[in-house]
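What follows is each chain in one-letter form.
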Amino acid sequence: ERVKELYDFNLPEKSYLHGRIDGNLEDENVKLSGVLQSNLFVLQIKEALVSIFTEDWSATYDLDVKDMRTLSKNKLTGPLDFKGHLKGVGKRVKGIAKSNSLQGDLDFSVYQDAKITIKDIALENLMSLLKQHNYVNGQLNGNVVLRWFPKETVVYDLRIDKGVLTSQAIQKMNSYKIPENNSISFKSKGKIINKKLTSSATVKSTLADVKFSSLNYDLEKKVLASNYDLLVHDVHMFISKAKVAKGTPVKANGKLTFKEKLNISGVLKGMGKKVAFSHDSKTLKFDASQLLVEKLLPLMGEPAYVKGTMDCLLYTSPSPRDKIHDLVIR
């Protein structure tokens, strides 16, 4: 009940905590060591030194959490462990942490803000901890800064190195079959203020490169909006019947939004004077001016037996009779 009152946290019934801390006076320091054990975690403190005359202190520690579900109010799952060293002066703290469960390291410092450097965290382990699907394997690196004043703010600069798309998970999600031998990298910088994310991000992969130059996401309302630039390296990856040379690229740019469903609009490059498209998860619409027929036909799996341009307005929708709204060929 006391924990609930102070921290708004419900401990499991029959929770326990016991342990022992031993201390010895050595010159100007108190040397401490001991173990705290509960049904939720085990914390070992080794070689801790606390100065009698100054605010200096240091400690080597080993923390092992059996399952993060209880401690995170079911936002995380699975085990989490850290071992490393802490050094402080009063409330100023610096430390290092190595995690076997995440297969990586953290460097951090805490005073008026918290600064964390992430080193080679296994992305698949992190996604499992966050209860997310594992579509990408790789290593997460970068920096995160947490500030409390004047507003609660998170500033980050993160990247994924040595990334590989998990082909089976991708195929299960959207039926696209991608090569098992592939690569992907990711870079993003941004900040979170008042539960609103503003950032930029770049994805480079075997399949495509995407740049999100202005990405905004409301974490409470779950509303996303961003500009994008897309380069598909080989159209065959997405249109298997296309009769174009292997390695034929497709370029597009535009805007995307997400609020319960994804809406994407943009312009295809190199297909004509202007080839605009939009998709709202139900209706796909093309509005083309001087569309190059010899480039369109191969994408449809037909030989380029006609050359010329056409203007057209075409859309598909759930109603079969609305397949083609307007079509003019010149």
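Residues numbered from 1 in each chain as written. Predicted model: local features only at pLDDT ≥ 70, side-chain atom pairs only at ≥ 80, totals over all residues. Heavy atoms only, no water.

S.K.: Which parts of the structure should I look at to understand unusual backbone geometry?
M.R.: Glycine aside, negative phi is the norm for most residues, and most peptide bonds take the trans geometry. Cis geometry marks the peptide bond from F149 to P150, where omega comes out at -5°. Take P150: it is sitting in the loop between strand 9 (136–147) and strand 10 (153–165). At K195, a residue that is not glycine, the phi angle is positive and equals roughly 60°. Along the polypeptide, K195 turns up in the loop between strand 11 (184–193) and strand 12 (196–205). For K195, a relative accessible area of 48% puts it in the partly exposed group. (Helix = DSSP H or I, 4+ residues; strand = E, 2+ residues; numbered from the N terminus. Buried < 20%, exposed > 50% of the residue type's maximum accessible area, 1.4 Å probe, protein only.)

S.K.: I would appreciate a short explanation of the packing of aromatic side chains in the present structure.
M.R.: How two aromatic rings sit relative to each other is given by the distance of their centres and the angle of their planes. Tallying each qualifying case throughout the model produces one aromatic pair. Residues F277 and F286 carry aromatic rings whose centres are separated by 6.4 Å and whose planes lie at 40° to one another, so their mutual orientation is tilted. Above the ring of Y111, the side-chain terminus of R92 is found at 3.9 Å from the ring centroid. (Phe/Tyr/Trp six-rings, centres within 6.5 Å; stacked < 30°, edge-to-face > 60°. Lys NZ or Arg CZ within 6 Å of the ring centre and 35° of its normal.)

S.K.: Where do I start with the pattern of salt bridges in this structure?
M.R.: Opposite charge on two side chains permits pairing when their charged atoms draw close. Scanning the entire structure with this criterion turns up eight salt bridges. A salt bridge links D161 to R159; the nearest nitrogen and oxygen atoms lie 2.9 Å apart. We classify R159 as partly exposed; its relative accessible area is 35%. As a salt-bridge pair, K196 and D218 come within 3.7 Å of each other at their nearest N and O atoms. Of the two residues, K196 sits in strand 12 while D218 sits in strand 13 (residues 208–218), which places them 22 residues apart along the sequence. (Salt bridge = Lys/Arg side-chain N within 4 Å of Asp/Glu carboxyl O.)

S.K.: Which parts of the structure should I look at to understand a nonpolar patch on the surface?
M.R.: Together, L25, I52 and F53 line one region of the surface with nonpolar side chains, adding up to about 360 Å² of accessible area. For F53, a relative accessible area of 64% corresponds to the exposed category. (Patch = residues over 30% accessible without salt bridge, like charges linked within 9 Å, V, L, I, M, F, W, Y side chains within 5 Å. Areas by Shrake-Rupley, 256 points an atom, 1.4 Å probe, with all protein chains shown as cover.)

Remember, this is a structural readout, not a statement about activity or role.
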